[in-house]
Amino acid sequence: MSSAPVSSAAEPELQRAESLLGPDAQRRLSRAARLSAIAAALWLPQAAALAWGIAGWAEDAPLSRTLWMALVFALLGLLRAQGDALASRLAYRAADQVLHAQRQALLDREALRLGGASSGALSALLTEKLAVLGPWITRYRPAMARARLLPLLYLAVILTISWAAGLVLLVAGPLIPVFMALVGMAAKDASQKQMVEVGAMNTLLIDRISALPDLLLLNAAAASRAEFAARAEGLRERTMAVLRVAFLSSTVLELFSALGVAMVAVYVGFSLLGEITIGTWGLFGPGLTLFQGIFLLLLAPDFFQPLRDLAAAWHDRAAAEAVAEELGDLRQDRLVPVLGQGGDAPPLPGPAAISLRGVSVRRGEQVVTLPDIEISPGESLALRGASGVGKSTALDVVAGLLVSETGQTRVAGHALVDDTADAWRARIAYIPQEVHIPDMTLRTFLTGDSTSEVPPEALHRARATRIVAALPEGLETVLGESGAGVSGGEARRLLLARALIRGADVILADEPTADLDATTGAAIIEVLQGLCAEGRTVVVATHDPALAAAMGRALDLEAAQC
Amino acid sequence: MLKLWQVLRLLWRAHPAAMWRGALLAVLVLLMGAALLGLSGWFITATGLAGIAGVGIAFDVFRPSAGVRGLALGRAAARYGERLLTHDATLRALAALRVTLLARLERFPVAELRRLRGASALTRITADVDALDGVVLRLALPISAALLTHAAVFLGLWALTSHAVAISVAAGYLLGGGLVLWRVGRATLGLSARAESATQDLRRRAIGLFRGRREAILQGALPRWRAGLDATEAEARAAMDELDRIDSGAGMALSTIITLIVAGVFALAGWLVVEADLDPALGAIGVFVALALGETLLPLRRGMAEIGRMRDAAGRVLAEPPARNLKRLSESSPAVVPGKAVLELRHLSLARPGWSRLLLHDLSFALAPGETLALRGASGLGKSTLLDVIAGLEPVTAGEVSLLDRPLATWPETDLREVLTLVPQRAALVSGTVLENLALARPGLTEAEAVAALEAVHLAQTVGARGGLSSPLGEGGAGLSGGQARRLVLARALLRRPKMLLLDEPTEGLDAETAREVLAGIRKFLPDAAIVTASHRAAELEAADQVIDLKSYIPES
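For every chain, the first residue of the written sequence is number 1, and numbering continues from 1 onward in sequence order. To label them, take the chains in the order written and letter them from A, then take the ligands in the order written and number them from 1. Residue-level local features of this predicted model are given only where pLDDT is at least 70; pairs of side-chain atoms are given and counted only at 80 or more, and the full residue set underlies all totals for whole chains, interfaces and linings.

What follows is about the overall build of chain A. Each helix corresponds to a stretch of at least 4 residues labelled H or I by DSSP, and each strand to a stretch of at least 2 residues labelled E; elements are numbered beginning at the N terminus. Each helix and strand in chain A was counted, giving 19 helices and 10 strands. Within chain A, the fraction of its 562 residues that count as buried is 51%. Within chain A, contacts between residues separated by at least 24 positions form 80% of all contacts whose residues are at least 6 apart in sequence. Partly exposed residues are those falling between the two cut-offs: more than 12 but fewer than 20 other C-beta atoms within 10 Å of their own, whereas 20 or more means buried and 12 or fewer means exposed, with C-beta atoms placed from the backbone. A pair of residues counts as a contact when their C-beta atoms, built from backbone coordinates, are within 7 Å of each other.

The following block contains the structure:
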């Protein structure tokens, strides 16, 4: 296939998106692109068949000539339809393969990296944004292949018939790089601007729906709706002002092709009448033959068609490029994944001793250095200190969620590394400050599956019996974003109940009494004390003097550091 | 399908003139395309014939060649107009659809709307309205433009060429194209809805996995969550692949039909020419026009393939709000004895919405104008639920609530909101200026009134420093700190000058000193209002005339 340097200027920018295609997809895509270009090139013999048949009408040729040509035209047309469909399926499969591979890679990497991009941004990337690669692969790439092959091929054929018609097309579809630049500007401007404005309208809508409960309470819903309508109208006017200009440039493009076709038609007409005798090579007499004339007329629009297809697909490339860039940035993020795979493992054997020596951790730009911490099995320890001193960091290091840059962490007599982290976490219950309860039933949340029994005494000991009893469907209530809500204090007690049910013997709790009223706080302290009393190791990070006092030992991180 | 029709009417009515003009230009573009190719074909064949016959000099070349140029230019111009008008009409339709959606949502109970605030519910709504954009652009406009074009072309071919040619073109396109498109619509009806719901499911699971990944890692459950997500992805991919298979099959079928129509007309015209029933140049018109009309058919399949998805989205967007049973529940409650109280509760019991177990029982109190009552109690005892009940958002389980000597249940919604204002714990601001946010509470608000309200909540200085009343806020009031947003919400409530003000955790996020000042400011701004606060902070308890500890009303279990 010809690889004329149609748009070599645009190539280097493309590399980022290009790098997302695996060799397999790349191969499939090349085949799809080739097939699509070849199918489109079948128009050449189809046009010749039509032209030959119609020219025969003027020469009183027998009907059989038309019928044969009609048959050739139809058969080639069927072949072309098949080729197109095959190419589009191939391109779709390539796109599907790339999307799947990218999704898997994103999940493999990001599910194990905490604290980087927000969950909203990651899921948007995984769903809507990655999907943008689809049109780039299925539309832009084949369009590009056609734009490289077909105009040159048509031009070559047209030039062999008439240099004048070829010249007209060269002038009308001016120097192709200029044409391409125009195409790019036109399509990019229009589509991008419009996408932005539609996006703005959706943002405004989400804003209003979120505020709707309050608006109803203020009797302001109707007024707000009127205001929304007014703002949407303003948005429309601004968008239209932009679009009027943007569409103009694509109209210029269309105008070139329309004029090119019209001029070829007029030239052919005059040449056939014998009024123009120049412009041909003179092999079949002074002017064009009728066959040549009709053939030229049928080819001229298709000389421009690939370029117009490419123009229509142009913004797909820009969009894919933006996504590729975002993926690239994410990949270059220096965030270190957690230790282990986050999978199920038999609990790590050995007494629950914890030792941190010379540990320092990178958190964003800064490095947090922790003091040496030694915790014996069954001990209870409160980590104290001002915000930002590293209390939560220490808990995360112990849980294998943060990887230290220097020093060593040992747990239960083993080094805490990738191979031991999952097994170690099987012994841990971690109560974070902000409890995130996933969309699942309370029973599944507590026991890990949907059928296991929940021992009542575990709920009782965690002061959670009342919470469960008050839920509309008890243990079968679905919690989380889409389900029933529980307050922060209730969620922490449910987590403690889960620690008891799962038999965790190491309890890590980050500010378990923060933002709670005194009664709820006291209840949580009591539960933690009960856990220590039966020999579990308890480490809390806290500001709360009452909680610190209830622990066997307190370690002031700031003091220890100096 | 009824809902889809409703959506179409709604969108079309947003600006019927713009829609019609757009449709008309779309037809014009298609017609000019057909005419351009037909005329060129005729021109070249006719000149060819004249050349062969040696009568070239007598041939009128001026008008046809001017026609070719005119059509070429006119088509580019019409295309420009069509794109502008249809985009304009679509933008109007987009706005209309969203406004209608808002109006419908307004009729939903507040409790239900609060649930909509989650990210996945909101993306679902926007995905639905986006799907419906296609009803006009990809379905109604191209189909009606195609039909009108074919009607006009039929008449043109009937008059210019042979009747047989006109009938073959029309019948081929309408029957062949119609059949393929109808089958596409049918085959994808359930499928596109399934693909859409699998995609939404994937989005939901992705949000769940990324938001809960820390928890999943700690529980050793990451591979299990991941497996669930992978299964959903596989399901979505399978549905999408099937859709693409149908789509490319339909593309092939349509191209085949166009090819067969052109070949058929070609053969037919050739036969008519040989039989001397048709001038060769006119026969060429038939062939070229049949070829050009392919343009009317190909764009339709995408819209047809989306019908299932659009239908489901229409069903959700136009869903009727559930009937409110709030009023009927307690309409039979006995008339309240007139008194002086703004608010009176008698033997009230309540449960959290949807929950069977009672939260509080046998609660009674009365509140006179100018009095403040503080509800205290640990989190989860039902402070917010009680405020919701008093605000008429949730039904009373047992007992009576009366407001200004009238049973709460008999208050019409609008009247109730005029005298009673609730500031919930998670009150939201909107994007716009500070003044616009305040004016939501009172349309036609003057700057002086706005400043007075801001002063009452000790926010005037902050707002002044940010650039005054016209300083803009981002989405959901972004740009203000938690404490500032809280105070702006309070100022907004004050501007309604309610007789009954309910405040849920009004001073959350404020330091003790500011909290006291803000509460004093509120009382000064509304000296005669009855105020109920729910809080466990000292400032609210100090500012109250009465304090009720909800702990005393927990039912024995």
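What follows is about the overall build of chain B. The helix and strand tally for chain B stands at 21 helices and 11 strands. Taking 24 Å as the expected radius of gyration for a compact globule of 557 residues, we find that chain B reaches 34 Å, considerably beyond that expectation. The buried share of chain B, taken over its 557 residues, is 53%. Considering only contacts in chain B between residues 6 or more positions apart, those separated by 24 or more positions represent 83%. Atoms counted for the radius of gyration: C-alpha only. Globule rule: 2.2 Å times residue count to the power 0.38.

Attention now moves to the packing of helix 6 (residues 133–161) of chain A against helix 7 (residues 163–172) of chain A. Residue and element names in this part refer to chain A. Each axis is a line fitted through C-alpha atoms, and for a helix only the stretch in contact is used; angles between axes span 0 to 180 degrees, taken between their N-to-C directions. Their axes nearest at 6 Å, the elements helix 6 and helix 7 cross at an angle of 145 degrees. Residues Leu155, Ile158, Leu159 and Ile161 of helix 6 form the contact with helix 7, whose own contacting residues are Trp163, Ala165, Gly166 and Leu169. Partitioning the contact of helix 6 with helix 7 into residue classes produces seven nonpolar, one polar and no charged. Under the grouping applied here, Gly and all other residues not named as nonpolar or charged are polar, the nonpolar ones being Ala, Val, Leu, Ile, Met, Phe, Trp, Tyr, Cys and Pro and the charged ones Asp, Glu, Lys and Arg.

Turning to the UniProt feature "transmembrane region" (unreviewed entry) in chain B, a few remarks are in order. UniProt positions are given in the numbering used here, feature names are shortened, and annotations may be inferred rather than shown by experiment. The UniProt record marks residues 20–37, 43–62, 139–159, 165–184, 250–274 and 280–300 of chain B with the feature "transmembrane region" (unreviewed entry), using the residue numbering of this structure. Between the first and last C-alpha atoms of residues 20–37 of chain B the distance is 26 Å; the span itself is 100% helix and 0% strand.

Let's shift gears to the UniProt feature "transmembrane region" (unreviewed entry) in chain A. Residue and element names in this part refer to chain A. The sites that UniProt annotates as "transmembrane region" (unreviewed entry) are residues 35–55, 67–90, 152–185, 245–270 and 276–300. Between the C-alpha atoms that bound residues 35–55 there is a distance of 31 Å. The span itself is 95% helix and 0% strand. Secondary structure content for residues 67–90 is 100% helix and 0% strand, and the end C-alpha separation is 34 Å.

Residues and elements named next belong to chain A. By the criterion of burial, strand 8 (residues 506–510) is predominantly enclosed, with five of the five residues buried. Residue alternation in strand 8 divides its side chains into two sets, Val506, Leu508 and Asp510 and Ile507 and Ala509, and both sets are buried. Strands are treated as partners if at least two bridges between them are detected by DSSP. Taken together, the four bridges between strand 7 (residues 428–431) and strand 8 define a ladder with parallel strand orientation. By the bridge assignment for strand 8, Ala429 is matched with Ile507. Inspection of the sheet shows strand 8 paired to strand 9 (residues 537–541) by five bridges, in the parallel sense. Opposite Leu508, over in strand 9, you have Val539 as the bridge partner.

Our next topic: the interface of chain B and chain A. Taken together, the contact between chain B and chain A spans 115 residues of the former and 118 residues of the latter. Looking at the side of chain B that touches chain A, the element that brings in the most residues is helix 8 (residues 222–274) of chain B, giving 23 residues. Taken together, the residues of the side of chain B that touches chain A break down into 58 nonpolar, 32 polar and 25 charged.

What follows is about the domain arrangement of chain B. Domain extents, as shown, originate in an automatic or database domain assignment. For chain B, the domain assignment lists domain 1 (2–200 + 240–317) and domain 2 (326–553). Using only C-alpha atoms to locate each centre, domain 1 of chain B and domain 2 of chain B end up separated by 56 Å.

Let's shift gears to the environment of Leu174 of chain B. Structurally, Leu174 of chain B can be placed in helix 6 (residues 163–211). Residues Leu174 of chain B and Leu297 of chain B, spaced 123 residues apart in sequence, show a C-alpha to C-alpha distance of 9.4 Å.

Another aspect to go through is the domain arrangement of chain A. Here the domain parsing of chain A yields domain 1 (10–332) and domain 2 (354–561). For domain 1 of chain A and domain 2 of chain A, the distance between their C-alpha centroids amounts to 56 Å.

Let's shift gears to the sheet that holds strand 8 of chain A. All names here are of chain A. Taken in spatial order, the five strands line up as 7-8-9-4-10 in an open sheet, and their pairing is parallel. On the outer flanks of this sheet lie strand 7 and strand 10 (553–556), each paired with one strand and no other. Taking the axes of each pair of neighbouring strands and ignoring which way they run, one obtains an average angle of 15 degrees across the sheet. Pairing of strand 4 (residues 380–384) with strand 9, which is carried by four bridges, proceeds in the parallel orientation. Directly across from Leu383, in strand 9, lies its bridge partner Ala541. Where helix 11 (residues 391–398) meets the sheet, its contacts fall on strand 4, strand 8 and strand 9, and the angle it forms with strand 9 comes to roughly 145 degrees.

All names here are of chain B. The four strands lie next to each other as 2-1-4-5, forming an open sheet whose pairing is antiparallel. The open sheet has two edge strands with one neighbour each: strand 2 (358–367) and strand 5 (406–407). Taken together, the five bridges between strand 1 (residues 343–351) and strand 4 (residues 398–403) define a ladder with antiparallel strand orientation. Residue pairing for strand 4: Leu345 is matched across the bridge by Val401. The sheet strands contacting helix 14 (residues 383–390) are strand 1, strand 2 and strand 4, and the helix crosses strand 1 at an angle near 125 degrees.

To continue, consider helix 20 (residues 512–525) of chain B. Residues and elements named next belong to chain B. When the terminal C-alpha atoms of helix 20 are compared, their 20 Å separation across 14 residues agrees well with the 20 Å that a helix rising 1.5 Å per residue should span. Here helix 20 has its buried residues at Ala515, Val518, Leu519, Gly521 and Ile522. All buried residues of helix 20 project into a common sector of 160 degrees when viewed along the axis, lining one side. Facing away from the buried side of helix 20 by over 90 degrees, the exposed positions are Glu513 and Lys524. Next to the buried residues of helix 20 lie helix 17 (447–456), helix 19 (482–494) and helix 21 (538–543). One less than the residue count of a helix, multiplied by 1.5 Å, gives the span that helix is expected to have. As used here, the arc is the angular range of directions from the helix axis to the C-beta atoms.

Right, let's get into the pairing of strand 1 (residues 354–363) of chain A. Residue and element names in this part refer to chain A. For strand 1 and strand 3 (residues 373–375), the ladder comprises three bridges, and the chain directions are antiparallel. Looking at strand 3, one finds that Ser355 is bridged to Glu374. Of the pairings in the sheet, the one linking strand 1 to strand 2 (residues 366–369) comprises four bridges and is antiparallel in character. Of the residues in strand 2, the one forming a bridge with Arg363 is Gln366.

With that settled, consider the nonpolar core. When buried Ala, Val, Leu, Ile, Met, Phe, Trp, Tyr and Cys residues are joined through C-beta atoms within 7 Å, the set is termed a nonpolar core. Grouped together as the largest cluster of nonpolar side chains are 382 residues, with contacts concentrated most on Ala51 and Val264 of chain A together with Val169, Val287, Val289 and Ala491 of chain B. Here the element with the most residues in this core is helix 8 of chain B; it accounts for 23 residues. When sequence neighbours within four positions are dropped, the list of residues in contact with Val264 of chain A reads Ala165, Val168, Leu169, Leu296, Leu297 and Ala300 of chain A.

You can see Pro16 of chain B is positioned in helix 2 (residues 16–53). Separated by 129 residues in the primary sequence, Pro16 of chain B and Ala145 of chain B place their C-alpha atoms 15 Å from one another.

Before going further, it helps to examine the confidence of the model for chain B. If pLDDT is low for a region, its predicted coordinates should not be looked at in detail. Residues and elements named next belong to chain B. By definition, pLDDT measures how confident the predictor is in each residue, and it falls between 0 and 100. Summary statistics for chain B give a mean pLDDT of 86 and a share of 94% for residues scoring 70 or more. The model gives residues 325–337 a pLDDT under 50, and that stretch makes 17 contacts with residues more than four places away or in other chains. As scored by the predictor, the complex reaches a pTM of 0.81 and an ipTM of 0.85.

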